[in-house]
Amino acid sequence: HERVETGNLLTQTEQLQNDWSMGTNMFRAGRTLAPDGTYSAKVFGSAGNSAFIYLFQSVALKANTTYTASVYAKLISGTAPTGGNILAPTYHNGSALVRASVGYSGNLTSEWKRFEVSFTNVTAQPSVQFLIGTDANTTAEIAFWGVQLEEASGASTYVPSIDTFTSRLSNA
């Protein structure tokens, strides 16, 4: 059976900047080799403080729709985190806004691994947060690549969303 590509609902998934907000205790630490063989994976670190150690993008979700969030991650340096979430999209479960999450505890190694979580958003949301993060209690550096949110019950092949600019020459 063949899987149909559903598309990535997030923007700037290769750059992880501009449309992405960064918590005050997180910092960009460079780039590294991504699973696709390019140097497009971004490395982030934490100041070792207890809060604001995430990247997030606001996204709209449809009512009664199943989504899958995914990201590739690996440990670059330091000790593997034991707290916090690699991935934590916010959605409405019919009663309240909650987060579907994949925690760090025992999940992160020095090898690339794709993490995913599926959820059904019950009530339409015009703007909820899609978060990827580091552990607040460590100074480990973590690489992220292939961030994706799609309308599907499982993760499909990563589809980058790259914003490009094309100039137009004036005829005046």
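Every value quoted in this text rests on a predicted model; they were computed, and no experiment measured them.

About the criteria used
Residues numbered from 1 in each chain as written. Predicted model: local features only at pLDDT ≥ 70, side-chain atom pairs only at ≥ 80, totals over all residues. Heavy atoms only, no water. Helix = DSSP H or I, 4+ residues; strand = E, 2+ residues; numbered from the N terminus. Buried < 20%, exposed > 50% of the residue type's maximum accessible area, 1.4 Å probe, protein only. Contact = heavy atoms within 4.5 Å. Areas by Shrake-Rupley, 256 points an atom, 1.4 Å probe, with all protein chains shown as cover. Polar contact = N/O pair within 3.5 Å; in protein donor to acceptor, adjacent residues only side chain to side chain. Pairing = 2+ DSSP bridges. Axes fitted to C-alpha atoms, helices over the stretch in contact; angles between N-to-C directions. Phe/Tyr/Trp six-rings, centres within 6.5 Å; stacked < 30°, edge-to-face > 60°. Core = buried A, V, L, I, M, F, W, Y, C linked by side-chain atoms within 4.5 Å. pLDDT = per-residue confidence, 0-100.

## Quick word on the overall build of the protein
Piece 1. In terms of regular secondary structure, the protein is built from zero helices and eleven strands.
Piece 2. Starting at the N terminus and walking to the C terminus, you meet the elements of the protein as β-β-β-β-β-β-β-β-β-β-β.
Piece 3. Of all 172 residues assigned to the protein, the portion counted as buried reaches 45%.
Piece 4. Residue pairs at least 24 apart in sequence account for 75% of intrachain contacts in the protein once pairs closer than 6 positions are excluded.
Piece 5. Counting every atom, the protein has about 8800 Å² of accessible surface; 49% of that belongs to carbon and sulfur.

## Some words on the side chain of His92
Piece 1. Residue position: His92 is located in strand E6 (residues 85-92).
Piece 2. Polar side-chain contacts of His92 include one of 3.0 Å to the backbone nitrogen of Gly94.
Piece 3. A polar contact of 3.5 Å, which involves the side chain of His92, links it to the side chain of Thr123.
Piece 4. Once residues within four sequence positions are removed from consideration, His92 is found in contact with Leu97, Thr120, Asn121, Val122, Thr123 and Gln125.

## Focus on the sheet that holds strand E3 (residues 41-46)
Think of a sheet as strands paired side by side through backbone hydrogen bonds, with each pair either parallel or antiparallel.
Piece 1. In spatial order, the strands read E2-E3-E11-E5-E9; together these five strands make up an open sheet with antiparallel pairing. For this open sheet the edge positions go to strand E2 (26-32) and strand E9 (113-121), each flanked by a neighbour on one side alone. The mean inter-strand angle of the sheet, taken between neighbouring strand axes irrespective of direction, is 35°.
Piece 2. As paired elements, strand E5 (residues 65-77) and strand E11 (residues 141-150) share eight bridges and run antiparallel to each other. Paired with Ser70 across the strands is Gln148, a residue of E11.

## Focus: the pairing of E3
Piece 1. E3 sits mainly inside the fold: six of its six residues count as buried.
Piece 2. Alternating positions in E3 separate into two faces, Ala41, Val43 and Gly45 on one and Lys42, Phe44 and Ser46 on the other, with burial throughout.
Piece 3. Pairing of E3 with E11, which is carried by four bridges, proceeds in the antiparallel orientation. Its bridge partner lying in E11, Val43 is registered against Ala143.

## Describing unusual backbone geometry
Piece 1. In the Ramachandran plot, Gln12 falls in the positive-phi region, its phi being about 50° despite a non-glycine side chain.
Piece 2. Mapped onto the secondary structure, Gln12 falls in the segment before strand E1 (21-22).
Piece 3. Positive phi is not limited to glycine here, since Asn64 has a value of about 50°.
Piece 4. Within the secondary structure, Asn64 is located in the loop between strand E4 (54-61) and E5.

## Quick notes on the packing of aromatic side chains
Piece 1. All chains considered together, the criterion is met by six aromatic pairs.
Piece 2. Clustering of aromatic rings is evident, with ring pairs tying together Tyr67, Tyr91 and Phe119.

## With respect to the side chain of Thr13
Piece 1. Note that Thr13 resides in the segment before E1.
Piece 2. Within polar-contact distance, the side chain of Thr13 engages the side chain of Tyr158 at 2.8 Å.

## A closer look at the nonpolar core
Piece 1. Among the nonpolar cores identified, the biggest contains 31 residues, and Ile86, Leu87, Phe130, Ile132, Phe144 and Leu149 are the most heavily contacted of them.
Piece 2. Sorting the residues of this core by element identifies E4, E5, E6, E9, strand E10 (125-133) and E11 as the ones contributing at least two each.
Piece 3. Of the residues forming this core, the biggest block, five residues, is contributed by E5.
Piece 4. Filtering out sequence-adjacent residues up to four positions away, Leu149 remains in contact with Gly7, Asn8, Leu9, Leu10, Val59, Leu61, Tyr67, Thr68, Ala69, Phe119 and Phe130.

## Thoughts on the confidence of the model for the protein
Piece 1. Looking at the protein, pLDDT values average 83 and 85% of them are 70 or higher.
Piece 2. When pLDDT is averaged over each helix and strand of the protein, the minimum, 83, is found for E1 and the maximum, 95, for E9.
Piece 3. A low-confidence stretch, residues 1-5 stays under pLDDT 50, and its non-local contacts, those more than four residues away or across chains, total seven contacts.

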